[in-house]
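Working through the structure, step by step
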Amino acid sequence: MILKRSITARFITALVLVLLIGQSVAAVATVMYARSKLLGSLEMRMSRAASITAGMSSGPLLSYDYAPIDTYIEEIMRDKEITAIRILDGQGRIARERVRPAESEGAGINPFLLKKTMTMKVPVVAAGEKIGEVVIDYTSKGVNDDISKSVVMTALFQAIMLVVVSVVVILLFNRHIKRPVSRINSAIEKVTTGDLTAAVPDLGENEIGGIAKGLGYLLDKLSSSISRFNSVSNSAATAVEQLTTAVKNISEAAKRQSRQIDGVISGIRAANDSQRKTTENTDRLSRVSSENVTSLLQMKAAAEEIAASTGRLFKSTGDSYAMIAEMSQTAKMIAENSNEVSHAVEDTSASVEEITVSLNAVRENTKKSSELTALVRVLLTERGTLAVADAIEAMERIAEEVDSSAKIITRLDERSKDIEKMLSVIKEVTEKTNLLSLNAAILASQAGEYGKGFSVVADEIRALSDRTSASARDIANIVGTIQAEIHEAVTAIQTGVKKVDEGKELIFKSGEAMGETLEAAQKSAQMAKLIEKATEEQAGGLRQIQLAMENVRFMIEQVAKATEEEKRGTSHMLDSISDVKEVAELVKKGTEEHAIGTDIISKNLGLGLDMVSQINRSAQDQLKVNEGIIASVEQMKSAGGSSLRDMEAAALSFNSLRDKVEVLKREMELFKTGASDRSADS
Amino acid sequence: MAQVAIAYAGKEEFGIDIHRVVEILKAQRIHSLPQLPPFLCGVVSVRGTVIPLVDLRKRFGISPGPGKGRIIVVRSGNEQVGLLVDGVKEIIDLEPEDVIMPPSIFKGLKTEYLTGIGRRGDAIVILLNLDTLLTSEEKIQIEEISRTVEAGDDNAP
């Protein structure tokens, strides 16, 4: 039993006081009543005795014969209350008297302030005249004793009653009121420490039982609300964690994307360089081919000179032949002719040498252009195609990254929708908690004294629900911001995807252009080979001409010798001259073939020049395409950069969101519910 | 010193003695019964018990405000009656010196519906008299309806 401020103590004290006071009052009243009654009856008895005595005394007083009255007086004195009885005569003298010997006084109880001795006087009347008086002295001792006894009895009885009634009432009180209330109290104390799993006992169908039921109902609702809240806030915390990780992943992906874009840009720049080199080489090729053409034209001019010289030769030979008859006269003329022939041969030789030199130059140039073409091919095959392949690969990787970014964003979107769902749950829980706190406050007020502790709980709950709803509003704002940022990121990613596709197209076009360039280079190589072959044939033809020239010179010498030795014989001269004719024919044929060969070379060179200018044009286009690619890629990079910034802003929002959720979670953990143990790790 | 629950309908605030309040619920699905008297706007089912519903806003001619509304279940005589309001704000203590008796006509309501006017800061709270809120015939009608519904529940399988 708690003694200090408990109901029991106060109740018991009050009860005992009330009983005590009541019983005292009752006792006093009873005693007073008894006293008055006893006194009254005593008085009555005394007066009757006195009256009778008075009546009986009139005779004796008159006749001075007190014998009959003595007996009566003896009888009367038997009454213990009477201490003395005196009969007085008319003069006041004592006629007869009886006095009881005083007993040991003893401290008689006289709590009632009764006069110790009282006197009853009754006049003796005879014939209407007072002839004496009867005086009876009586004590109230008997009455006192009786009263005392009765007081003691009453007090004893009332004490017993007091004790019995108190005990019974206390027991009943304990059983029906104090125990249930203290059970409720202990449950409430557990609740104030935050333990909402406190079990509320079933206390029957009375008012206290009603309070207990109400309490149990409230605790259940509160407990379930808070544990739901706990799990929701745990899920919210987890979702925020996931969001933060997702944002981190996206940031890293964007950074990777940026780096890859850099790789692509450098690859494209390398391709650009190869392109420029290709252009330079084709320019050189072009120049070389022009030089070839010039050489060929020179060759053609020389060949025509040869033809002209051969014609002259023929003519001179014809003249010589016609003049054989007049040889003797015209030996000098022959000699002159031979000189002319000699000159012509020398000229032809010189021309042939020029032609050979030109041919060599051509061959050199052709070799050079072959080498250049091979180089171009190598460049294109190795560096160009590789660069394009790298670029395509990089593009595809970027596309994958963008895809995965898009997927992450979609998940982000779903997460934020989850958060919205959770928010609405939280709002619902908050409303219900608010309602709950109102009902709790009502029940608390209805319970009055007993409910003071509980109304504190109710106030706390209401404050909690206010804070929760404020937090839920904040979270809703944050989620709205996040969603807006997600949409921006989605738009940025979509732009990025478009740019990647454009980049891919450009790269493909670039690849095609390179392929064309490669083809053109190969054709150019083939052309160079043909030119080489023709030049070889040309050289072969020229060598024949040279040999023929040598022969001619030799012949001329023979002629000269013959002219000096013309006396030897005309037939020798004729033979010589006919030999010369044959040789001239050979020369003519050779020159014609030479001319054909030169024409072929010319045509091929022309084709080669066309090829070269085509290559040039392709290379120029290629350069433009590469510039375009670089520009697009730069744009992609900046787009990626802004996405990255958006992601980082979103990450900051997530962090503040996570902090808010943590705060809420900690508040919730102050309350221990049955579910909290189970969901502590969720 | 009385404790009252402050409910609001439209722009007015009403005070209801807490000791007559059983509980406060969120507004929920209102079922209507055939031949309901006009002052009842339906019944609601609360944990198995059927409670008739009085729309406090219609009763005092106030147009309903935004929000879903709340139902305050009060004891009137032996029966329980639900009062439909816009919402419940809080529970306050009113000292006797804050309660004044109203003039006989106050804001268009007859004062037999009020037990007094409470002052709460600068605002005025109309303290409802739950006993006179429903006339005696209306109370009898509510009793009959509750009995009929319970009898119907007993008969239902």
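Residues numbered from 1 in each chain as written. Chains lettered and ligands numbered in written order. Predicted model: local features only at pLDDT ≥ 70, side-chain atom pairs only at ≥ 80, totals over all residues. Heavy atoms only, no water.

1. Side note on the confidence of the model for chain B
Residues and elements named next belong to chain B.
- Residues of chain B with pLDDT of at least 70 account for 80%, and the chain-wide mean is 77.
- Ranking the elements of chain B by mean pLDDT puts strand β11 (residues 109-110) last, at 58, and strand β6 (residues 70-76) first, at 87.
- Our summary of model confidence lists the complex with pTM equal to 0.42 and ipTM equal to 0.75. (pLDDT = per-residue confidence, 0-100. Helix = DSSP H or I, 4+ residues; strand = E, 2+ residues; numbered from the N terminus.)

2. Some points on the sheet that holds strand β13 (residues 123-128) of chain B
- In spatial order, the strands read β8-β1-β2-β13-β12-β9 (chain B); together these 6 strands make up an open sheet with mixed pairing. Looking along the sheet, the strands with just one partner apiece sit at the ends: β8 (87-94) and β9 (99-100) of chain B. (Pairing = 2+ DSSP bridges.)

3. A short note on helix α2 (residues 67-77) of chain A
Residue and element names in this part refer to chain A.
- Three or more residues of α2 are buried, namely Ile 69, Tyr 72, Ile 73, Ile 76 and Met 77. Angularly, the buried residues of α2 cover 135° about the axis, an arc narrow enough to put them on a single face.
- Taken together, the buried residues of α2 touch α1 (7-63), β1 (82-89) and β2 (94-99). (Buried < 20%, exposed > 50% of the residue type's maximum accessible area, 1.4 Å probe, protein only. Arc of directions from axis to C-beta. Contact = heavy atoms within 4.5 Å.)

4. Comments concerning the packing of α1(A) against helix α3 (residues 141-192) of chain A
Residue and element names in this part refer to chain A.
- It is at 9 Å that the axes of α1 and α3 come closest, and there the two elements cross at 160°. In terms of orientation, α1 lies roughly antiparallel with respect to α3. Of the two possible hands of crossing, α1 and α3 adopt the one that is right-handed.
- Classifying every residue of the contact of α1 with α3 by side-chain character gives 22 nonpolar, 7 polar and 3 charged. (Axes fitted to C-alpha atoms, helices over the stretch in contact; angles between N-to-C directions. Parallel < 35°, antiparallel > 145°, perpendicular 65-115°, else oblique. Left-handed = near helix turned anticlockwise from the far one by under 90°. Nonpolar A, V, L, I, M, F, W, Y, C, P; charged D, E, K, R; others polar.)

5. Notes on the interface of chain B and chain A
- The partner chain A presents 12 residues to the 17 residues of chain B that form the contact.
- Across the chain B to chain A interface the summed buried area is about 1,300 Å²; carbon plus sulfur atoms make up 56%.
- If you sort the residues of chain B by the area they bury against chain A, Ile24(B), Lys26(B) and Ile91(B) come out on top, with a joint share of 37%.
- Between chain B and chain A we count 1 salt bridge in total.
- Measuring nitrogen to oxygen at the nearest pair gives 3.9 Å for the salt bridge that ties Glu431(A) to Lys26(B).
- Connecting chain B to chain A are 2 residue pairs in polar contact (both at pLDDT 80 or more).
- Mapped onto the side of chain B that touches chain A, the elements with two or more residues apiece are β3 (21-26), β6 and β8 of chain B.
- No other element matches the 5 residues that β3(B) contributes to the side of chain B that touches chain A.
- The class makeup of the residues in the side of chain B that touches chain A is 6 nonpolar, 2 polar and 9 charged. (Buried area = accessible area lost by both parts, 1.4 Å probe. Salt bridge = Lys/Arg side-chain N within 4 Å of Asp/Glu carboxyl O. Polar contact = N/O pair within 3.5 Å; in protein donor to acceptor, adjacent residues only side chain to side chain.)

6. Examining a negative patch on the surface
Residues and elements named next belong to chain A.
- On the surface, Glu 304, Glu 305, Glu 346, Asp 347, Glu 353 and Glu 354 cluster together into a negatively charged patch.
- Residue assignment for the negative patch shows that the elements contributing at least two residues are α4 (207-323) and α5 (331-447).
- Here the element with the most residues in the negative patch is α5; it accounts for 4 residues.
- Here Glu 305 is to be found in helix α4. (Patch = residues over 30% accessible without salt bridge, like charges linked within 9 Å, V, L, I, M, F, W, Y side chains within 5 Å. Areas by Shrake-Rupley, 256 points an atom, 1.4 Å probe, with all protein chains shown as cover. Lys, Arg positive; Asp, Glu negative; His and termini not counted. Charge placed at Lys NZ, Arg CZ, Asp CG, Glu CD.)

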